[in-house]
Amino acid sequence: MLPGQDGKLGTADDVTVTGDQPLSPGSDGSVTLPSDGGKVDRPDGSYNVPGGTVVDPDGTIHLPGGTVINPGGSVTVPGPDGKTGTDDGTTLNPNSPVVPGDNGSVTLPGGGTASTPNGNITLPGGTVVDPDGTIHLPGGDIVNPDGTVTLPGQDGKTGTGDDGKIKPNGPIIPGDNGSVTLPGGGTVTTPGGTINVPGGSVVDPDGTVHLPGGDIVNPDGTIALPGQDGKTGTGDDGKVKPNGPSISNPDGSITLPGGGTVTTPGGTINVPGGSVVDPDGTVHLPGGGVVNPDGTITLPGQDGKTGTGDDVHVNPSGPSVSNPDGSITLPGGGSVTTPGGTIKVPGGTVVDPDGTIHLPGGGVVDPGGNIKLPGQDGKPGTGDDVNIKPNGPSVSNPDGSITLPGGGTVTNPGGTYNVPGGTVVDPDGTIHLPNGEVINPDGTVSGKNSNTPTPNNSGSTSGSTAKTLSSNSGFSTLNSNNTTLPKTGDDSMNSAEAIALGISALLGVMTLTEVKRRKEN
């Protein structure tokens, strides 16, 4: 029997120490329990203590690892230096008497609070605290003396290859299920990568991170987005696969410093570093473009701002790639609408933020809808460029040619032509008219319905459906006046032509006869 805090035996705060073997009294009035331990009964509760425990006359219990159970029930943990009373110690205030362990640790059956050098932590029931200040949470998480948290990962065991780590910004709040809430945010690292998370994020023992906006960061580093309905696990969920660390923002969006891949119900897009993904799947690209959850892309146009009259709308056919300069590559093609009109483009097309379209064959569609083809030398910006002004939507074909469903105006080195709907213009400037005629880059015309172009005084050569506005070839091309010249090698002639030929022959004979008569005279 020990006198307790009042120093008097026979009072309410007396302390009783019992053991199966004899106790070893100390010169200071303390007692040491034998190797098999014993029991300490105090006013605040009963404690089963391991061998080697020392109990002071006031009831203070010194466990073998250096942990001290104070008379009021609070616990002083020595910390990494093994000494109480220094700056690295931890104080526990349990909600019920602790259970000492053989190694000097204590278990908090009813939970409690821990005041650590890194802040105060509310502990759930079943938490175990080691003498160095390491805190073992029920779900397998370990709060290290430096304040970081080790996650057991998907195998449920710490010390293996799938462990995770949390570096909190301030104190944490452990949950009853082993999860950890980060009121001040922090950094979470799993085998899948590292993410900076905002305040209010919750981390499960397996490394899953639940972000405030509803996003879920999986242990493999991929991120599930709740989509437009705000709920994960439904049909409109999105998925982000970052290239390297990512940052979760307070509004629930994700910043991808190294870029990555974003998949929504509308399709998949590779995005560059600096892209931001909203919980609903909207992607904000560094160049000002916006990828909508349905997969369509809005580019800012020439004024650099989305939501204005010169916005550019891209509808990809399949996955797309957002480039670091803000342009969009369309591996599967798609359609692009600018203030100048709509054009269907083939795979490999690149769309700039201002709406300029770079076609695979070297053609360029400016934001006004005008099209420049490279001409015969295959290089744009030289003297043989071809310029097209469509009447309405146009189609860029995989071979680099342009189809004009509504017709338009085409200028090549041979001249400028108004062409009808259905005309196809090759990259070198060759114009294929719907009736089978072909206007070559030099302005000559060939094809099944054409005639050899011949200069005339009316500014046209018969038979063509293309009307010449100007010509650089020395003759005019065909229009629709249907004035037909005889074809080369045609042996047939009509009656008018025969009469004219007979009269010409008769006049010739009469002229020769007159010349002969004069010579004879």
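Parameters and conventions
Residues numbered from 1 in each chain as written. Predicted model: local features only at pLDDT ≥ 70, side-chain atom pairs only at ≥ 80, totals over all residues. Heavy atoms only, no water. Helix = DSSP H or I, 4+ residues; strand = E, 2+ residues; numbered from the N terminus. Buried < 20%, exposed > 50% of the residue type's maximum accessible area, 1.4 Å probe, protein only. Contact = heavy atoms within 4.5 Å. Areas by Shrake-Rupley, 256 points an atom, 1.4 Å probe, with all protein chains shown as cover. Pairing = 2+ DSSP bridges. Axes fitted to C-alpha atoms, helices over the stretch in contact; angles between N-to-C directions.

In this section: the overall build of the protein. Per the secondary structure count, the protein includes 1 helix and 55 strands. Per-residue burial over the protein gives 45% buried out of 521 residues. Nonlocal contacts in the protein, meaning residues at least 24 apart in sequence, comprise 31% of its contacts between residues at least 6 apart. Surface accessibility of the protein: about 23,200 Å² in total, with carbon and sulfur atoms responsible for 52%.

Moving on, we get to the sheet that holds strand β10 (residues 90-94). If you walk across this open sheet you meet the 9 strands as β2-β3-β6-β7-β8-β9-β10-β13-β14, and the pairing is antiparallel. Either end of the sheet is taken by a strand with one partner, and the two such strands are β2 (24-25) and β14 (119-123). In the sheet, strand β7 (residues 61-62) pairs with strand β8 (residues 68-69) via 2 bridges, with the strands oriented antiparallel. Following the sheet pairing, His62 is matched in β8 by Val68.

Turning our eyes to something else, we now look at the environment of Leu330. With respect to the helices, strands and loops of the structure, Leu330 is situated in strand β39 (residues 328-330). When its relative accessible area of 0% is taken as the criterion, Leu330 is described as buried. For the pair Leu330 and Val351, spaced 21 residues apart in the sequence, the C-alpha separation amounts to 8.1 Å. Every residue in contact with Leu330, bar those within four places of it in the chain, is listed here: Val314, Pro316, Ser320, Val336, Val345, Pro346, Gly347, Gly348, Thr349 and Val351.

This brings us to the sheet that holds strand β1 (residues 16-19). Strand order in the open sheet made by the 3 strands is β1-β4-β5, with antiparallel pairing throughout. Only two strands of the sheet have a single partner each, and these edge strands are β1 and β5 (45-49). Between one strand axis and the next, the sheet turns through 15 degrees on average, direction left out of account.

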